[in-house]
Every structure is written in structure tokens, then in C-alpha cells.
Amino acid sequence: MSYVNGLKCRECGREYPIEPVYVCEFCFGPLEVIYDYKNIKKVLTKNTIGKREKNLWRYRELLPIDGEPQVGLNSGYTPLLKADNLAKELGIDELYIKDDTVAHPTLSFKDRVVAVALTKAKEFGFDTVACASTGNLAHSVSAQGAKAGFKRFIFIPATLEASKIIASLVYEPNLIAVDGNYDEVNRLCSEIANKYKWAFVNINIRPFYAEGSKTHGFEIIEQLGWKAPDSIVVPCASGSLLTKIWKSFKEFKEIGIIKELSTKVFAAQATGCSPISTAIKQGMDVIRPVKPNTIAKSLAIGNPADGFYATQAVKESNGYGEDVSDQEIIDGIKLLARTEGIFSETAGGVTVAVTKKLLEMNKITRDETVVICITGNGLKTQEALNGQTVSPYYIKPNLASFEEVLKKISL
Ligand SMILES: *Cc1c(COP(=O)(O)O)cnc(C)c1O
Ligand SMILES: [Zn+2]
């Protein structure tokens with residue numbers, strides 16, 4: 001049984017049936033899935049959710065599928081960790097890390113969106129899936145598409161980190177490395193999507209794909225003991241994750257799972273690609289596209305599709321946006337590793353460093369319950385830390401050589 005009412009244009013409100021379409025024919029606005037909340041409220045309670053399998057499908061009535069989940073049964077329900085060491089270092093009383101670096105098949109939050117997109121692609125009857133990716137989406141579509149038996153076309157900027165390219169190639173997709181940045185890859189993919197009958201997860205089935213991000217937010221509320229945090233810091237590429245986390249919080253309020261919602265939502269970006277945080281800081285509704293230049297490649301979208309909606313969510317929630325330099329990103333990665341034992345990719349460094357900055361600016365205060373979203377695993381972007389870590393001690397295989405070194409180490 002499905003609780004989906006259809007698709008609706010986010011600009012003019014015109015409604016469409018459930019099909020692999022993503023823009024309004026009349027105003028070119030993006031389409032969004034709409035639900036029958038009245039009936040969802042009757043079936044989706046804390047009790048029903050609590051009895052279900054610990055994966056992202058435990059909120060399935062709020063996800064846009066008609067039949068049974070077919071992909072991603074091993075994705076989601078990642079840990080929400082109380083981060084006391086990092087909290088102390090940053091000067092916050094109660095800090096949590098939503099840790100999407102683990103418990104997903106390809107170790108990033110993209111496994112959430114891909115689980116929903118590929119299940120929907122099956123329902124639509126596609127045999128080929130595709131994506132334009134900054135890295136993590138490529139891994140997830142390559143891997144989960146293999147398991148689900150799809151032909152796969154993966155488009156990436158050719159300059160992606162070598163380790164990220166290998167982590168896709170191992171699943172043997174058709175990997176197309178494009179001589180251009182992500183925004184150019186994406187534009188090319190829109191053209192290809194018009195010509196070939198493929199399910200481009202983040203283009204023609206984007207309205208369904210994007211809904212998968214809500215599960216990150218649902219889990220946070222459940223894991224906090226059915227309440228929303230006071231503040232949440234979210235890394236932004238296209239701005240979709242942030243927009244959907246805010247939607248997930250509002251939906252849980254709508255169906256009565258939480259009574260109150262006063263969360264401030266904060267957008268985190270790298271200064272080298274900060275169209276969303278810049279618009280927020282300047283109080284502008286228009287997103288000015290930029291040419292990305294940052295080590296945070298998974299966030300390097302210069303012309304973010306959901307940038308406008310992300311700024312609106314930030315505004316509506318009384319949040320803010322900030323961005324940090326590449327050096328601050330590296331320091332953020334190292335701080336998280338040193339204090340909490342979590343190795344995050346560059347996007348997580350962005351989140352940690354922006355959180356630090358927001359605290360210094362008093363946009364977040366120490367008495368708040370704060371959640372930060374750590375969205376991808378550091379093993380994928382080790383290049384970013386080349387020459388930035390401590391060094392090993394080299395010794396001969398004898399005790400004297402070890403003790404020589406030990407003298408230099410202050411214990
Ligand atoms: C894709 C991605 C994001 C943000 O994605 P949006 O396009 O804003 O939804 C954040 N972190 C990581 C690691 C990602 O791969
Ligand atoms: Zn419209």
C-alpha cells in the first residue's frame with residue numbers, strides 16, 4: 001500500500017501523477033513527492049517504527065515506493081553517537097554525531113538516496129541506472145546497482161581522487177570520466193537523460209531519490225528519544241540533504257511523532273565552493289553559481305540544484321550558513337579523529353570546522369543540544385591528508401632501536 005499522492009511543482013503547485021519526471025512543464029520548477037499524511041498518521045507510530053528492522057525502510061510510509069523495498073535493506077540506521085570528547089574541546093554541553101561513515105554498504109549517506117532511487121527505478125521498469133556524481137554517489141550506484149542487477153552508467157569529473165575512482169571501478173560499472181567539473185558533467189547528463197531511457201538517479205528520478213535523505217533526519221529524531229535537536233549542522237553540495245532533513249523534521253511533527261519543532265538548521269560549505277552559505281550570509285534569495293576550488297570534492301557543486309530551497313529552510317528555521325578554508329577542513333578532520341575516533345572524509349571536516357565557527361560566533365550556544373551530520377568515510381579521500389598527518393617512527397627490528405625512538409616520545 002502506498003501513501004503517495006503524486007508529484008507537485010515546488011513553484012506553481014501544479015500536480016502530476018507518479019512518473020519518472022522532475023520538472024514542471026509549465027514553469028520548469030522542480031517536482032516534489034507529496035503524501036497522504038492523514039492516513040500515514042494512523043499507521044506510522046513510534047510503536048510500529050520501533051518494531052521494524054533497523055534499516056532506512058523502517059519509515060517506509062514516508063518514502064515514495066508502491067511495493068516492497070527492493071534495494072538497500074542493509075542501509076541506514078547508522079549510529080547517533082554522544083560526542084563528549086569533541087563537545088569538551090568545542091565547549092558544548094551536549095553534542096551528537098550522526099555517523100553516516102559506517103553501517104552503509106559504500107560508507108556514505110548516498111546509500112540512503114540510492115536505496116530509494118533504485119527501488120523506484122525497478123518499479124518504473126528501468127533496466128539501466130545512471131548518475132552524475134562528485135564521488136560518493138558513483139560508489140553507491142555502482143555497488144547497489146550491481147546487487148540489484150542493473151546496467152550502470154556512472155559519470156564523474158575526471159579529476160576526482162584516484163581512491164574514489166577505484167572504489168567505483170571495483171563494481172565494474174561503465175564509468176565515464178568527463179573532462180570537466182561536476183556542473184559540466186551534470187549538464188551533459190541532463191542531455192543524455194533526455195535521449196536515453198535510463199534512470200538517472202539524480203536527474204529524471206531526482207524527486208524520488210531526494211526523499212531518501214529524509215531517513216537521516218527521521219533516525220536522528222528517533223535516536224534522540226523522539227525529539228528534534230536545538231541545532232543541526234549539515235554539509236551542503238546541491239542542498240538536497242539539508243532541505244530533506246528539514247522536511248523530515250516537519251513531517252514527524254505533522255504526523256504527531258514529535259510535538260514541538262524549534263530546530264535551527266545550519267548549512268556548512270567549503271569557502272572554495274560556497275554558493276549556498278554565501279547567499280545566506282548576504283541575505284540573498286538568489287544563488288550565484290561559482291567555479292569550485294576546494295579539497296571537499298564531494299561538496300563541490302558550483303550551481304546547486306536545491307540551493308534556493310536550502311536557503312529557505314535555513315531562514316525558516318532561524319539557522320545560518322558558514323564556510324571554511326581547506327586548512328580548516330583538514331584541521332576539522334583531524335580534530336574529529338583525535339577526539340572521537342571517527343575518520344571522516346573532507347565533507348565531515350567541513351561540518352566540524354563550521355560548527356566550531358558557529359560556536360565562536362554565538363550562532364550556536366553551549367547549552368543547546370547539537371547534532372552534526374558526518375556524511376562520508378575518510379578512507380575514501382585519504383589524498384586530502386597527504387603530508388598533513390603525524391609521521392611514523394622508522395626503526396630497525398631490534399629493541400635498542402625502539403628504545404632510542406621511545407626516548408623522543410613524550411608519554
Ligand atoms: C552528496 C554529499 C553531501 C551533500 O549532498 P547534497 O547534494 O547537498 O544533498 C554531503 N556529504 C557527502 C559526503 C556527500 O557525498
Ligand atoms: Zn510549476
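Residues numbered from 1 in each chain as written. Chains lettered and ligands numbered in written order. Predicted model: local features only at pLDDT ≥ 70, side-chain atom pairs only at ≥ 80, totals over all residues. Heavy atoms only, no water.

**Q** Which residues make up a nonpolar patch on the surface, and what values do they have?
**A** Where nonpolar side chains cluster on the molecular surface, the patch consists of Tyr393, Ile395, Leu399, Phe402, Leu406 and Leu411 and spans about 670 Å² of accessible area. As for its position among the elements, isoleucine 395 is in the loop between strand 13 (369–374) and helix 15 (399–408). (Patch = residues over 30% accessible without salt bridge, like charges linked within 9 Å, V, L, I, M, F, W, Y side chains within 5 Å. Areas by Shrake-Rupley, 256 points an atom, 1.4 Å probe, with all protein chains shown as cover. Salt bridge = Lys/Arg side-chain N within 4 Å of Asp/Glu carboxyl O. Helix = DSSP H or I, 4+ residues; strand = E, 2+ residues; numbered from the N terminus.)

**Q** So what's going on with the site of ligand 1? Residues and values would help.
**A** Close contacts around ligand 1 come from 16 residues, with Lys110, Asn136, Ser238, Leu241 and Thr375 the closest. A distance of 2.6 Å is found between a nitrogen atom of ligand 1 and a side-chain nitrogen or oxygen belonging to threonine 375. Protein contacts shield 96% of the accessible area of ligand 1, which totals 390 Å² for the unbound molecule. Each residue belonging to the shell around ligand 1 can be placed in one class, and the counts come to seven nonpolar, seven polar and two charged. (Near = heavy atom within 4 Å. Polar contact = N/O pair within 3.5 Å; in protein donor to acceptor, adjacent residues only side chain to side chain. Nonpolar A, V, L, I, M, F, W, Y, C, P; charged D, E, K, R; others polar.)

**Q** Talk me through the sheet that holds strand 2 (residues 15–16); I want residue IDs and the actual numbers.
**A** Strand order in the open sheet made by the three strands is 2-1-3, with antiparallel pairing throughout. With partners counted over all chains shown, the strands left at the sheet margins are strand 2 and strand 3 (31–35), one partner each. Bridging between strand 1 (residues 4–9) and strand 2 involves two bridges; their strand directions are antiparallel. Within strand 2, the position partnered with lysine 8 by the bridge is glutamate 15. (Pairing = 2+ DSSP bridges.)

**Q** Talk me through the coordination of the zinc ion (ligand 2); I want residue IDs and the actual numbers.
**A** Protein coordination at the zinc ion (ligand 2) comes from Cys9 (SG), Cys12 (SG), Cys24 (SG) and Cys27 (SG), with a distance range of 2.2 to 2.4 Å. Sequence positions of the residues that donate to the zinc ion (ligand 2) give the spacing C-x2-C-x11-C-x2-C. Here cysteine 24 lies in the loop between strand 2 and strand 3 and cysteine 9 lies in strand 1, a separation of 15 residues in the sequence. Here cysteine 9 matches cysteine 24 in class, with each residue buried. (Donors = N, O, S within 2.8 Å, 3.2 Å for Na, K, Ca; no water. Buried < 20%, exposed > 50% of the residue type's maximum accessible area, 1.4 Å probe, protein only.)

**Q** Any details on the pairing of strand 6 (residues 128–132)? Residues and values, ideally.
**A** A large share of strand 6 lies buried, amounting to five of its five residues. Neither face of strand 6 is left uncovered, since the one carrying Thr128, Ala130 and Ala132 and the one carrying Val129 and Cys131 both have all their residues buried. Where the polypeptide runs from strand 6 across helix 5 (residues 136–147) and back to strand 7 (residues 151–157), its parallel neighbour, the crossover connection is right-handed. (Right-handed = clockwise from strand over helix to strand, strands pointing away.)

**Q** Hey, could you go over the sheet that holds strand 8 (residues 174–178) for me, with residue numbers and the actual values?
**A** In spatial order, the strands read 8-7-6-9; together these four strands make up an open sheet with parallel pairing. Looking at strand neighbours, the two that pair on one side only are strand 8 and strand 9 (199–200), the edges of this open sheet. Note: strand 6 against strand 7, five bridges, orientation parallel. The residue bridging alanine 132 from the neighbouring strand is phenylalanine 155, located in strand 7. Sitting on the sheet, helix 5 touches strand 6 and strand 7, and the angle it makes with strand 7 is about 170°. (Contact = heavy atoms within 4.5 Å. Axes fitted to C-alpha atoms, helices over the stretch in contact; angles between N-to-C directions.)

**Q** An account of the pattern of salt bridges is requested, with residue identities and associated values reported.
**A** By the definition in use, this model includes 29 salt bridges. One salt bridge in this structure joins glutamate 211 and lysine 247, with 2.9 Å as the shortest N-O distance. Taken together, the residues glutamate 211 in helix 8 (residues 206–211) and lysine 247 in helix 10 (residues 240–254) connect sequence positions 36 residues apart. Lysine 247 matches glutamate 211 in its accessibility class, with the two residues each being buried. Each of Glu32, Glu211, Lys214, Lys244, Lys247 and Glu251 takes part in a single network of salt bridges with overlapping partners.

**Q** For the environment of leucine 359, give the residues involved together with the corresponding values.
**A** Tracing the backbone through its elements, the reader meets leucine 359 in helix 14 (residues 346–360). For the pair leucine 359 and isoleucine 92, spaced 267 residues apart in sequence, the C-alpha separation works out to 8.4 Å. Among all residues touching leucine 359, those that are not within four sequence positions of it are Leu90, Gly91, Ile92, Ile364 and Thr365.

**Q** For the pairing of strand 5 (residues 94–99), give the residues involved together with the corresponding values.
**A** Of all six residues in strand 5, five are buried, a share of seventy percent or more. Of the pairings in the sheet, the one linking strand 4 (residues 80–82) to strand 5 comprises three bridges and is antiparallel in character. From the neighbouring strand, leucine 81 faces strand 5, where its bridge partner is isoleucine 97. Where strand 5 and strand 13 come together, six bridges link them in parallel fashion.

**Q** Outline the side chain of serine 240, listing residues and values.
**A** Along the chain, the position of serine 240 falls in helix 10. Filtering out sequence-adjacent residues up to four positions away, serine 240 remains in contact with Arg206, Ala210 and Asp306.

**Q** Please provide a residue-by-residue account of the state of the cysteines, values included.
**A** According to the stated counting rule, one finds zero disulfides in the structure shown. Looking at the unpaired cysteine 273, the closest cysteine sulfur is the one in cysteine 236, lying at 11 Å. Of all cysteine sulfurs in the structure, the one in cysteine 236 sits closest to cysteine 373, which takes part in no disulfide; the separation is 9.6 Å. The class of cysteine 373 is buried, set by a relative accessible area of 0%. (Disulfide = S-S within 2.5 Å.)

**Q** Give a detailed account of the packing of aromatic side chains, specifying residues and quantitative values.
**A** Applying the stated criterion across every chain, the model contains twelve aromatic pairs. Seen from their ring centres, phenylalanine 124 and phenylalanine 208 are 5.4 Å apart, and the 75° between their planes marks the pair as edge-to-face. On the criterion of sequence distance, the pair formed by phenylalanine 124 in helix 4 (residues 110–124) and phenylalanine 208 in helix 8 is long-range, its members being 84 residues apart. Its relative accessible area of 24% is what places phenylalanine 124 among the partly exposed residues. Judged by its relative accessible area of 0%, phenylalanine 208 is buried. One aromatic cluster is present, formed by Phe153, Phe155, Tyr196, Trp198 and Phe200 through successive ring pairs. (Phe/Tyr/Trp six-rings, centres within 6.5 Å; stacked < 30°, edge-to-face > 60°.)

So yeah, pure geometry; function would need other evidence.
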